[in-house]
Amino acid sequence: MCGYVLDHGEVPACGGRRPHLNVLIRLEDLENRTRAACLDFGGTLSPESLRMLACDAAVVPVVLNGKGQPLDVGRVTRTIPDGLRRAIAARDRGCAGCGRPPSWCEVHHITAWQDGGDTALHNCVMLCRACHRLQHHSEWEVRIRDGLPELIPPAWIDPQRRPRRQPLLHLAA
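Just so it is clear, the structure is predicted and the values come from calculations on it, not from any experiment.

**Considering the overall build of the protein**
Secondary structure summary: the protein contains five helices and nine strands in total. Per-residue burial over the protein gives 37% buried out of 173 residues. Here the protein has roughly 10,300 Å² of accessible surface; of this, 54% comes from carbon and sulfur atoms.

This is the structure in structure tokens:
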């Protein structure tokens, strides 16, 4: 649903506000580190899919009791503020992995927000959906070096794991 809104919805052409997700979870599931959650429109997601989707969205956790009654409604978390999104777009000029334009990209926390990663320029990178998926589901790594993002391929692609960086066209020549 979020991907559809980003592709077809009325959001600004260059890195507009991302969707808000209401994630419904039973208290028992939360306490037992659940293996799935339900979105407010009824779809269920695995923790991995939810983390990827939530990486660049506002998330409001809604904790339910056994009877389905809300016990707690959390605050919005992980959101990339508009000013920071613009700064990341200006620095990365689009996807740090493949160069797709900023309007096609999401912002990824290098150190995950839930692991204590800051929502700050030094901990965020712009990635298209395909490269973002690689960060969550493969051995690719991303880091900021000398103020610029670079991606490190898995050893099976490059045994020496040489970092890759998109050329900055505005600095070339």
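Read on for the rest.
**A closer look at the pairing of strand β9 (residues 148-152)**
Burial within β9 is extensive, with five of its five residues counted as buried. Both faces of β9 are covered, namely the face carrying L148, E150 and I152 and the face carrying P149 and L151. Taken together, the five bridges between strand β8 (residues 141-145) and β9 define a ladder with antiparallel strand orientation. Within β9, the position partnered with R143 by the bridge is E150.

**Here we look at helix α4 (residues 82-92)**
Listed as buried for α4 are L84, R85, I88, A89, R91 and D92. In a view along the axis of α4, the buried residues occupy a sector of 165°, so they form one face of it. Structurally, α4 contributes buried residues whose contacts are with β6 (105-109), β7 (124-128), β8 and β9. Downstream of α4 by one or two residues, R93 has phi in the positive range, about 60°.

**Brief notes about helix α5 (residues 129-137)**
Taken as a whole, α5 has its buried residues at C131, H132 and Q135. Along the long axis of α5, the arc covered by the buried residues comes to 105°, so they all point the same way.

**Re the confidence of the model for the protein**
Overall, the prediction assigns the protein a mean pLDDT of 74, with 54% of residues at 70 or greater. Mean pLDDT across the elements of the protein ranges from a minimum in strand β5 (residues 70-73), with 49, to a maximum in β7, with 93. Scored below 50 in pLDDT, residues 71-77 makes 23 contacts in the model with residues more than four places away or belonging to other chains.

**Some details on the side chain of R91**
Following the sequence through the fold, R91 ends up in helix α4. There is a polar contact of 2.5 Å between the side chain of R91 and the side chain of D92.

Definitions and limits used
Residues numbered from 1 in each chain as written. Predicted model: local features only at pLDDT ≥ 70, side-chain atom pairs only at ≥ 80, totals over all residues. Heavy atoms only, no water. Helix = DSSP H or I, 4+ residues; strand = E, 2+ residues; numbered from the N terminus. Buried < 20%, exposed > 50% of the residue type's maximum accessible area, 1.4 Å probe, protein only. Areas by Shrake-Rupley, 256 points an atom, 1.4 Å probe, with all protein chains shown as cover. Pairing = 2+ DSSP bridges. Arc of directions from axis to C-beta. Contact = heavy atoms within 4.5 Å. pLDDT = per-residue confidence, 0-100. Polar contact = N/O pair within 3.5 Å; in protein donor to acceptor, adjacent residues only side chain to side chain.

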